[in-house]
Amino acid sequence: PDGVILTLGGQTPLNLAGALAAAGVKILGTGVEAIDRAEDRDRCGALLAELDISYPRAGSAHDIDEAIATATEVGYPVMVRPSYVLGGRAMRVVYDDDGLRRYFEEARSVSGEHPVLIDQFLEDAVEFDVDAVCDGHDVLIGGIMQHIEEAGIHSGDSFAVLPPYKTTPEELAVMRSHTHRIALNLGVVGLMNIQFANYQGKIHVLEINPRASRTVPFLEKATGIDLARIATRCMLGITLADKEVREGSAGDRFFVKGPVFPFRRFPRTDHLLGPEMKSTGEVMGIGRDFGEAFARAHLSAGQGLPTTGAVFVSVNDNDKSDLLPIARDLSGMGYRMLATGGTARYLEKNGIAAAKVAKVGEGTPHIGQIIRAGEVQMVINTPLGKRSRFDESAIRREARALDIPCITTLSGGRAAVDGIRALRRGLNTVTSLQDLEPTDFFSCRRRNVKYPIFGSTSLSNSQNGTVRISVWVPALKEIVSARIRLPATKTSMPYR
């Protein structure tokens, strides 16, 4: 073979990079040095510091004493995770020295000879996923997806939306700039993924993955741009400029990626989402607005949103003010509001009727029994800190056991309100991916077959009544270019 591609197979091939290179195997695309600079926490931090790009305070440790010293310097809460892992394996959010001692040995056993990473945990931050292709000279942004859940929940377990629905053009521009600079300075040739977090109004880099991520197929379907094929050509020496590749677009639709969980098969586990991945699949919801796309994603994942009934809410003190518009919307739509003591008092004080219910173990009937009796149709529960995350696990477990939507972030609660509104309007149409782009038929000489054309289309260089048109043809997996003569009479051409 001419060489081996490592960056299209997840984390495992990256872990083999050093051994393959030492054995004399030619690595195509992103090389061992760039992979190590992205994966090694100290070297990655040095790169980001050199580029003046913000990232969470972080350190690493080989033993528990070093870990406690590092966590004290970084400041609790911290994210503890092994190096070179896939799926968030053995990752934990810890709030004190006791928690660190409890989880450190597990992380160290997974990390092997590499250090355990200890990062500042940006609680309540908004996370973004950016996928891009770099040829060593130019960078193509494949798409920017906004997570519905906050940072700290594994990207594979989070609902995510394309295009981002609640951010500013300035924040998007910062993420684009950071992606370009990181890719070029790192020496990426092929696909890469960067996870960003908007924390207290500032964009931070959470993670750099010098490989394809699980969101690439989703973006390809949403934009019509074959990122994997483009990346492969870059690895073979064909530049983005050579193929005149342009960034795709979601057009006039919203696309929501929804995770699929196996909780029905594991009913006694705590379903609180965190840094270790729990989902086993994902679905795509498409709509003309965010609410419709979110509702369709929930339905596709096998758990619809309720259009009537009762909603139980129990949130931490930091979230109470932000809960008000969500609770007000739900109450205004006719839902009966149930809440634990502190949340119920806060809602009543602000003019929202809420029935007080007992916490689990603090009376009868308590909220777990009420959920089990089928008297609750949706749960919004936002734990904060070590104690609440574990104390309220029974609420989440009871909800999941009955397939009741259990939302653990306020951003998810806001999304649910939008989805419910869309369900009440009605989801009366079904749209195929092929219908998302205007369809025309061009005669192609290859195999003398006509191919449907959709995807990104660009027109340029109009001369003497003719125009050069370049169109991505999925059936051929390549861009077809031709010069055509415009009709003498006015007509509409189906292109975006």
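All of these numbers come straight from a predicted model, not from anything done at the bench.

Reading the values: rules and limits
- Residues numbered from 1 in each chain as written.
- Predicted model: local features only at pLDDT ≥ 70, side-chain atom pairs only at ≥ 80, totals over all residues.
- Heavy atoms only, no water.
- Buried < 20%, exposed > 50% of the residue type's maximum accessible area, 1.4 Å probe, protein only.
- Helix = DSSP H or I, 4+ residues; strand = E, 2+ residues; numbered from the N terminus.
- Pairing = 2+ DSSP bridges.
- Right-handed = clockwise from strand over helix to strand, strands pointing away.
- Salt bridge = Lys/Arg side-chain N within 4 Å of Asp/Glu carboxyl O.
- Axes fitted to C-alpha atoms, helices over the stretch in contact; angles between N-to-C directions.
- Parallel < 35°, antiparallel > 145°, perpendicular 65-115°, else oblique.
- Contact = heavy atoms within 4.5 Å.
- Nonpolar A, V, L, I, M, F, W, Y, C, P; charged D, E, K, R; others polar.
- Core = buried A, V, L, I, M, F, W, Y, C linked by side-chain atoms within 4.5 Å.
- Polar contact = N/O pair within 3.5 Å; in protein donor to acceptor, adjacent residues only side chain to side chain.

Asker: Could you give me a rundown of helix H9 (residues 227-235), with the residues and numbers involved?
Answerer: Three or four residues apart is the spacing at which side chains of an α-helix point the same way, because the helix has 3.6 residues per turn. Buried within H9 are the following residues: Leu 227, Ile 230, Ala 231, Arg 233, Cys 234 and Met 235. Directly beyond the C-terminal end of H9, a positive phi value near 100° is found at Gly 237.

Asker: Tell me about the pairing of strand S14 (residues 310-315), residues and numbers included.
Answerer: Successive residues of a regular strand alternate their side chains across the two faces of the sheet. Of all 6 residues in S14, 6 are buried; the element is thus mostly enclosed. Judged by which residues are buried, S14 turns out to be covered on both faces: Ala 310, Phe 312 and Ser 314 on one side and Val 311, Val 313 and Val 315 on the other are all buried. When S14 meets strand S15 (residues 336-339), the two strands line up parallel, connected through 4 bridges. Bridged to Val 311 within S15 is Met 337. Assessed by its sense of winding, the connection that carries the chain from S14 through helix H11 (residues 320-332) to S15 is right-handed. The pairing of S14 with strand S17 (residues 378-382) spans 5 bridges and is classified as parallel. Among the inter-strand pairings, Val 313 is bridged to a residue of S17, identified as Ile 380.

Asker: Describe the pattern of salt bridges, naming the residues involved and giving the relevant values.
Answerer: What the rule picks out here adds up to 13 salt bridges. For Arg 176, the salt bridge is made with Glu 247, and the minimal N-O distance between the two is 2.9 Å. Taken together, the positions of Arg 176 in helix H7 (residues 169-186) and Glu 247 in the loop between H9 and strand S12 (254-260) put the pair 71 residues apart, joining distant regions of the chain. Salt-bridge contacts for Arg 296 lead to Glu 292; the nearest nitrogen and oxygen are separated by 3.1 Å. Of the two residues, Arg 296 and Glu 292 both sit in helix H10 (residues 290-300), 4 residues apart, roughly one turn of that helix. Accessibility expressed as a relative area gives 17% for Arg 296, which makes it buried.

Asker: Quick one: what's the story with the sheet that holds S17, residue by residue and with numbers?
Answerer: Strand order in the open sheet formed by 5 strands is S16-S15-S14-S17-S18, and the pairing between neighbours is parallel. Every other strand in the sheet has two partners, leaving strand S16 (355-356) and strand S18 (406-407) as the edge strands with one partner each. Relative to S16, S15 runs parallel, the two being bridged by 2 bridges. Paired with Ala 339 across the strands is Lys 356, a residue of S16.

Asker: Explain the packing of H10 against helix H16 (residues 410-425) residue by residue, including any values.
Answerer: Axis separation between H10 and H16 bottoms out at 7 Å; the angle between their running directions is 90°. Judged by the inter-axis angle, H10 sits roughly perpendicular to H16. Taking contact as the criterion, the partners of Phe 290, Gly 291, Glu 292, Phe 294, Ala 295 and Leu 299 in H10 are, on H16, Ala 415, Ala 416, Asp 418, Gly 419, Ala 422 and Leu 423. For the contact of H10 with H16, the residue count by class is 8 nonpolar, 2 polar and 2 charged.

Asker: Could you give an account of the environment of Pro 82, naming the residues involved and the relevant values?
Answerer: With respect to the helices and strands, the residue Pro 82 is situated in the loop between strand S4 (78-81) and strand S5 (92-94). Distance from Pro 82 to Arg 92, taken between C-alpha atoms, is 9.9 Å for residues 10 residues apart in sequence.

Asker: Just give me the short version of the nonpolar core, but keep the residues and values in it.
Answerer: Counting residues in hydrophobic clusters, the biggest one holds 36 residues, and the most contacted among them are Phe 294, Leu 330, Leu 347, Met 378 and Ile 380. Going through the elements one at a time, H10, S14, H11, S15, helix H12 (341-349), S17 and H16 are the ones with two or more residues in this core. Among the elements that make up this core, the one with the highest residue count is H16 (6 residues). Residues in contact with Leu 347, not counting those within four places in the same chain, are Val 313, Leu 323, Leu 324, Ala 327, Ala 339, Ile 352 and Ala 354. By size, the runner-up hydrophobic cluster in this structure holds 25 residues, among which are Leu 47, Ile 141, Met 175 and Phe 196.

Asker: Which residues make up the sheet that holds strand S6 (residues 116-120), and what are the values?
Answerer: Backbone-to-backbone hydrogen bonds join strands into a sheet, with any given pair of strands oriented parallel or antiparallel. Pairing is antiparallel in the open sheet, where 4 strands are placed in the order S3-S6-S4-S5. Among the strands making up the open sheet, the edge pair consists of strand S3 (58-61) and S5. In this sheet, neighbouring strand axes are inclined to one another by 25° on average, regardless of whether the strands run parallel or antiparallel. The sheet contact formed by S4 and S5 spans 3 bridges and is antiparallel. Paired with Val 80 across the bridge in S5 is Arg 92.

Asker: Explain the pairing of strand S11 (residues 202-209) to me, and be specific about the residues and the numbers.
Answerer: Pairing of strand S10 (residues 190-199) with S11, which is carried by 7 bridges, proceeds in the antiparallel orientation. Counterpart to Ile 194 in the pairing with S11 is Ile 208. Here S10 folds back onto S11, and the loop between the two strands holds 2 residues, one of which, Gln 200, carries a positive phi near 55°.

Asker: Can you tell me about the side chain of Asn 193, naming the residues and giving the values?
Answerer: Structurally, the position occupied by Asn 193 is in strand S10. Residue Asn 193 is classed as buried on the basis of its relative accessible area of 1%. Reaching out from Asn 193, the side chain makes a polar contact with the side chain of Asp 129 at a distance of 2.8 Å. At a separation of 3.5 Å, a polar atom in the side chain of Asn 193 contacts the main-chain carbonyl oxygen of Val 130. What Asn 193 contacts, discounting residues up to four positions off in sequence, is Asp 129, Val 130, Asp 131, Glu 207, Ile 208, Asn 209, Arg 211, Ser 213 and Thr 215.

Asker: Break down unusual backbone geometry for me, citing the residues and quoting the values.
Answerer: Put simply, Tyr 76 and Pro 77 share a cis peptide bond, and its omega is 0°. By secondary structure assignment, the location of Pro 77 is in the loop between helix H5 (64-74) and S4. Cis geometry marks the peptide bond from Leu 162 to Pro 163; its omega dihedral reads -5°. For Pro 163, the location among the structural elements is in the loop between strand S9 (160-162) and H7. Residue Gln 200 is not a glycine yet carries a positive backbone phi of 55°. When you line up the elements, Gln 200 lands in the loop between S10 and S11.

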